[in-house]
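Overview (structure and organization)
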Amino acid sequence: LDPEYVDPYYNLACLYAIKGEAEKSLGHLKTAVSLDQSVKDWARNDRDLQNLRGVPGFEEIIKTVK
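Residues numbered from 1 in each chain as written. Predicted model: local features only at pLDDT ≥ 70, side-chain atom pairs only at ≥ 80, totals over all residues. Heavy atoms only, no water.

The next thing to look at is the environment of Cys-14. Note that Cys-14 resides in helix 1 (residues 6-19). Separated by 32 residues in sequence, Cys-14 and Asp-46 have C-alpha atoms that sit 8.5 Å apart. Among residues more than four places away in sequence, those in contact with Cys-14 are Asp-46, Asp-48 and Leu-49. (Helix = DSSP H or I, 4+ residues; strand = E, 2+ residues; numbered from the N terminus. Contact = heavy atoms within 4.5 Å.)

Turning our attention to helix 1. Over its 14 residues, helix 1 extends 20 Å from the first C-alpha to the last, a length consistent with the 20 Å expected when each residue adds 1.5 Å. Among the residues of helix 1, those classed as buried are Val-6, Tyr-10, Ala-13, Cys-14, Tyr-16 and Ala-17. Gly-20 lies just past helix 1 and shows a positive phi near 85°. (Expected span 1.5 Å × (residues − 1). Buried < 20%, exposed > 50% of the residue type's maximum accessible area, 1.4 Å probe, protein only.)

We now examine helix 2 (residues 22-35). Between its terminal C-alpha atoms helix 2 stretches 20 Å, which fits the 20 Å expected from 14 residues at 1.5 Å a residue. Buried residues of helix 2: Ser-25, Leu-26, Leu-29, Ala-32 and Val-33, and no others. For helix 2, the angular spread of the buried residues around the axis is 125°, confining them to a single face. Opposite the packed face of helix 2, turned more than 90 degrees from it, sit the exposed residues Glu-23, Lys-30 and Ser-34. (Arc of directions from axis to C-beta.)

Next up, the structure:
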């Protein structure tokens, strides 16, 4: 209902990661990060996203630009 609300996108990223659907997960994670940069911090430590660790797309999404 609210396209600017980050939680549903992040939760879908977690769901698809758990199911092993990395491409769908990364798409939702990318949307979540675009809405709220703090999602990067969530994603780095969330066990639900462990299947994505080491995947180049995941690393690209959560990288921090210094």
